[in-house]
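Survey of secondary and tertiary structure
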Amino acid sequence: MGVRPPSNGDDDEPESVEFGIAAVDARLKDADLSFPATRDDVAAELGTARIPYDVHGNDVSLGEMLAEVDSEEFRSRQQLLNELHEPFEEYRRQNSGGVFQQMRSMLPF
């Protein structure tokens, strides 16, 4: 997931803010990790990495999210991302700031 941050009124387009699976994917692209990879391989490389799970920058360790995945091995980066998707969504739902915070995150300002 990703969302554009609010504009400061200048003409430069802001960069998007990556969170959830998009943030994991960015970290995986920069990591020295090849697939297939075990859960332990991923945890050793990125387990302590803090991954934002919402647009407000709240984060969780990738290791904590990996613990929620059933698979012990991932054939590809895409398989890992697919399996992390639901744990990240569930974590976001459980740790959001309530209805007001959810509505605020949808507004462009």
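The paragraphs below set out a description of the structure included in this document. Along every chain, residues carry numbers that run from 1 in the direction the sequence is written. Residue-level local features of this predicted model are given only where pLDDT is at least 70; pairs of side-chain atoms are given and counted only at 80 or more, and the full residue set underlies all totals for whole chains, interfaces and linings. Excluded from the side-chain calculations are hydrogens and water; all other atoms, namely the structure's heavy atoms, are used.

Details of the environment of Leu28
Spelled out, the test is: Helix and strand definitions here come from DSSP, where helices need a minimum of 4 consecutive H or I residues and strands a minimum of 2 consecutive E residues; each element is numbered from the N-terminal end. Think of it in three bands: residues with accessible area under 20% of the maximum for their type are buried, residues over 50% are exposed, and the middle band is partly exposed, with areas taken using a 1.4 Å probe on protein chains only. Whether two residues are in contact is decided by their heavy atoms, any of which lying within 4.5 Å being enough.
For Leu28, the location among the structural elements is in helix α1 (residues 21-30). Residue class for Leu28 comes out buried when judged on its relative accessible area of 5%. Along the backbone, Leu28 and Leu46 are 18 residues apart, and their C-alpha atoms lie at a distance of 8.1 Å. Sequence-distant contacts of Leu28, that is, excluding residues within four places in its chain, are made with Leu33, Phe35, Leu46, Arg77, Leu80 and Leu81.

Overview of the side chain of Gln79
Position of Gln79 among the secondary structure elements: in helix α4 (residues 77-95). The contact partners of Gln79, leaving out residues within four places of it in the chain, are Ser71, Glu73 and Phe74.

Let's talk about the pattern of salt bridges
Opposite charge on two side chains makes pairing possible when the charged atoms of those side chains draw close. For the record, the criterion: By definition here, a salt bridge exists when the distance from a side-chain nitrogen of Lys or Arg to a carboxyl oxygen of Asp or Glu is within 4 Å.
Overall, the coordinates contain seven salt bridges when judged by the stated rule. Residue Arg50 is joined to Asp59 by a salt bridge in which the shortest nitrogen-to-oxygen separation is 3.0 Å. Look at Asp59 and you get partly exposed, because its relative accessible area is 32%. Here Arg93 and Glu90 are joined by a salt bridge, their closest N and O atoms 2.9 Å apart. Taken together, the positions of Arg93 and Glu90, both in helix α4 and three residues apart, correspond to about one turn of that helix. Overall, the relative accessible area of 41% leaves Arg93 in the partly exposed class.

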